[in-house]
Amino acid sequence: MKRTRLLLPFFLLTLLLAACGQTPPPTEEPDPPASTAPAAPAPEAPPEPSGTPAAGEPPVSAEESVLPASSAAASIREQLQQGGDVGEWLPLLADISWGDLYVPGEETDWTMEAQMAVAGYVETQDAGLTEEEYRILLSCTKGLDGAYSEGYAGILYSLYIRNPTRFAAITLDELSPEQRDETVGMLFYDWGYYHQLDESLPYEERLAVLLSRLEEDKRGGLLVSPDAVYLWYEGQSFPLTLVNAAGIYAVSYESSDPAVAAVDGLTGTVTAVGPGQAVITLHYEGDGGPQDFTCSVTCAW
């Protein structure tokens, strides 16, 4: 039976409601994204690489050539219209700003459509997301503001809880300083909320808590994910996952308050039962000896 992740269904709802924030968002129509360049005409086939490059320039293979931003955005819109596989057009996100998808005068909000498609793809692929797909999604934060930025923050948090170690390693070691700051800032939007950081502290101090956690995640030690969750309706569920486990091991689960959040002792699926707070404990026995990991669950409705 398909396991339901806690964030993507809620994220899809919040995108439709035009935000993904600390409370269920308002229903106002979002402003256009930062870039509002007019749509380009339908893309032509990329030209064949020239067999005689200009003096001093190395030959360029077809694989190395990239589409101009306008052509890449037009290709994404076309594939969205046709219901194309997200995995096929996902690499094109590296060539555009999200605002390039906006077409003045069209009723369809292509930026929103693309974000919802990516959110669904992340949920469907789950642990099968590749390292390269992580790189693309962690680096394509250009042209986002307002509700679009908040919505993409939900996608980033969903990527984070699926594989904190991969998320941290790519973000801290591979992204440019500008990209890293944007990605960490967006992750902080949800991460800081779910971990209930003291909002009276300066932003820089709260952000430092997340950066310290990412450094810890990058080391690749045994951990549980997610470790803090909000559930928004009775019956909403998510799987509590042990990350970076190897060899032969056994796990068991227990809820501090089954009347708030129940947990399947064998599978680790946590289900919202009633408003309140509960702590789910994952007990691990394997290499390194027995260890306990906890996840704070808040059911709010």
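To start, this report covers the structure provided alongside it. (Residues numbered from 1 in each chain as written. Predicted model: local features only at pLDDT ≥ 70, side-chain atom pairs only at ≥ 80, totals over all residues. Heavy atoms only, no water.)

**Structural notes on the overall build of the chain**
The helix and strand tally for the chain stands at nine helices and nine strands. Considering only intrachain contacts with a sequence separation of at least 6, the fraction spanning at least 24 residues in the chain is 66%. Accessible surface for the chain amounts to roughly 14,800 Å². Of this, 52% is attributable to carbon and sulfur atoms. (Helix = DSSP H or I, 4+ residues; strand = E, 2+ residues; numbered from the N terminus. Contact = heavy atoms within 4.5 Å. Areas by Shrake-Rupley, 256 points an atom, 1.4 Å probe, with all protein chains shown as cover.)

**With respect to empty space enclosed by the protein**
A probe as big as a water molecule, rolled over the atoms, marks out the empty space that is left. Going through the model one piece at a time under the given rule, you end up with one cavity of 30 Å³ or more. In this structure, the largest cavity occupies an estimated 40 Å³ of space. In this structure, the largest cavity is lined by Y157, Y160, I161, P164, R213, V224, S225, P226 and D227. By residue number, the principal contributor to the lining of the largest cavity is helix α6 (residues 146–162), which donates three residues. Broken down by class, the residue content of the lining of the largest cavity amounts to six nonpolar, one polar and two charged. (1 Å grid on protein atoms, 1.4 Å probe; cavity = no way out; pocket = protein on both sides within 12 Å on 5 of 7 lines; lining within 4 Å. Points joined across faces, edges and corners; volume = space filled by probe spheres on them. Nonpolar A, V, L, I, M, F, W, Y, C, P; charged D, E, K, R; others polar.)

**Points about the packing of aromatic side chains**
Here a ring pair, both rings aromatic, is described through the centre-centre distance and the interplanar angle of the planes. By the definition in use, this model includes ten aromatic pairs. Aromatic pair Y194 and Y230: ring centres 5.7 Å apart, planes at 45°, arrangement tilted. Remark: Y230 occurs in strand β2 (residues 228–231) and Y194 occurs in helix α8 (residues 177–194); sequence separation between them is 36 residues. Relative accessible area serves as the criterion here: at 5%, Y194 is assigned to the buried category. By way of ring pairs, the aromatic residues Y157, Y160, F167, Y193, Y194, Y230 and W232 are connected into one cluster. (Phe/Tyr/Trp six-rings, centres within 6.5 Å; stacked < 30°, edge-to-face > 60°. Buried < 20%, exposed > 50% of the residue type's maximum accessible area, 1.4 Å probe, protein only.)

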